[in-house]
Amino acid sequence: MNILTDNARLDILSMSLEELTDKMLGLGEKSFRASQIYEWLHQKRVREFSEMTNLSLALRNKLSNEFYIEKLSCVRNLKSSLDETEKFLFELSDGNHIETVLMSYEHGDSLCVSTQVGCKMGCRFCASTIAGFKRSLKPSEILLQLYEAERISGRKVSSIVLMGIGEPLDNFDNVVRFLELLSSEKGTNMSLRHVSLSTCGLVDKIYELAELNLGLTLSISLHATTDEKRSALMPVNKRYNISELMKACRDYFATTGRRISFEYSLIDGTNDTMEDAKALAKLVSGMPSHINVIPINKIKERDYHSSRTAAEGFCKKLQGLGVNATVRRTLGADIDAACGQLRREYEI
């Protein structure tokens, strides 16, 4: 994980408390200073070292010389008139853009965060991949989406979904560090049981994630029940086929005891038949899981479509086969809340 800038100052928001403690000791400071600084950053969420008022001026100057505090700038903030969904377009310090979506549910507010600028995976139905891949986000840049969304909206986020722009497991080390920062007792202190990570199916990283046993929910973007159909929609399937993916999912459950969620975007004439429903039921048979049926998001570059009525019909087919399935709520439809579209339109 690279947290250096060109002038070699360290990205302090991406550092663990242990790393910060070591740095403080190396600078001749007492170890408790690290805890003070960490709380300023992650509890009080200051954006300048000058705001750390219980530190001496000499120490604040030292911090400015050794570290920098990463920042995000909100260039668009859209609010749905249909529900309480808010969408943020953030500009990074290098001029790139990412999207973040704040959604309201009965259990509280959930934030969908991005993990990369663009995406390499090339899924045919996804707007995030069309504008191309630029780079992965640093831990601080993922974390700041939470800090800035709460600051701007005035709302308290109770859960996180890593389901925005990018493939989280393609940015594995930085995502794991973000999760460490998010769950730190001296920081946000969010239980990782309130975190869901969505992946298109990087099997090797699913095994690595299982070994960490973080307690989060793994969400698999499945979207098809045969290799032929899935490879046409998701190029990653040519590297890791459905059989390998399902084997990794069963291992994840065996290792962590955490039920897996499968995302199934319904596409008219592609993956919506009774035969598809039966094949899907067979794939998840014997494994505690949940199927999230999703009416496909419309994007102008693709001719894929489906309706909520079709999704509800497919969901009933699954339920009739004994599968635990629901249709995902459509939120923020009037602001194109699905990630990738706002960034692409803004940068054109």
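Structure report, in brief. (Residues numbered from 1 in each chain as written. Predicted model: local features only at pLDDT ≥ 70, side-chain atom pairs only at ≥ 80, totals over all residues. Heavy atoms only, no water.)

**Here we look at the overall build of the protein**
For the record, the criterion: Helix and strand definitions here come from DSSP, where helices need a minimum of 4 consecutive H or I residues and strands a minimum of 2 consecutive E residues; each element is numbered from the N-terminal end. In this description the radius of gyration comes from C-alpha coordinates, and the expected globular size is given by 2.2 Å times residues to the power 0.38. For each residue, the accessible area found with a 1.4 Å probe, counting protein chains only, is set against the maximum for its type, and the residue is called buried under 20%, exposed over 50%, and partly exposed in between.
What the protein contains, in helices and strands, is 11 helices and 14 strands. For a compact globule of 348 residues, the expected C-alpha radius of gyration is about 20 Å, and the protein comes in at 21 Å, within 12% of that figure. Reported as C-alpha extents along the three principal axes, the dimensions of the protein are approximately 70 × 40 × 35 Å. Out of the 348 residues in the protein, the part that is buried amounts to 55%.

**What to know about the side chain of Ser-110**
Convention followed: A 3.5 Å cut-off defines polar contacts: any pair of N or O atoms within that distance qualifies, except that in protein one atom must be a possible hydrogen donor and the other a possible acceptor, and neighbouring residues in sequence count only when both atoms are side-chain atoms. Here a residue-residue contact requires only that any non-hydrogen atoms of the pair lie within 4.5 Å.
Here Ser-110 is to be found in strand E6 (residues 108-113). Its relative accessible area of 4% is what places Ser-110 among the buried residues. Among the polar contacts made by the side chain of Ser-110, one reaches the side chain of Ser-159 at a distance of 3.1 Å. Here Ser-110 is in contact with Val-101, Leu-102, Met-103, Tyr-105, Ser-159, Ile-160 and Val-161, once residues within four sequence places are set aside.

**Considerations on the environment of Met-103**
Secondary-structure assignment places Met-103 in strand E5 (residues 97-105). Put simply, Met-103 and Ser-159 are 56 residues apart on the chain and 9.9 Å apart in space, counted from C-alpha to C-alpha. Once residues lying within four places of it in the same chain are set aside, the contact partners of Met-103 are Thr-85, Gly-108, Asp-109, Ser-110, Cys-112, Arg-155, Val-161 and Leu-331.

**Description of the pattern of salt bridges**
Heads up, the condition is: Salt bridges are defined by distance alone: a side-chain nitrogen of Lys or Arg within 4 Å of a carboxyl oxygen of Asp or Glu.
Under the defined criterion, the tally for this structure stands at 19 salt bridges. Asp-170 is the partner of Lys-120 in a salt bridge, and the nearest nitrogen-oxygen pair spans 3.4 Å. Residue Lys-120 is located in the loop between strand E7 (116-117) and strand E8 (135-136), and its partner Asp-170 is located in the loop between strand E9 (157-162) and helix H5 (172-183); the two are separated by 50 residues in the primary sequence. Judged by relative accessible area, Lys-120 falls into the partly exposed class, the value being 48%. Lys-205 is paired through a salt bridge with Glu-208; the nearest N and O atoms lie 3.2 Å apart. Linking Lys-205 with Glu-208, this pair stays in helix H6 (residues 203-212), spanning 3 residues, or about one helical turn. Through salt bridges that share partners, Asp-11, Glu-70 and Lys-138 make up one connected network.

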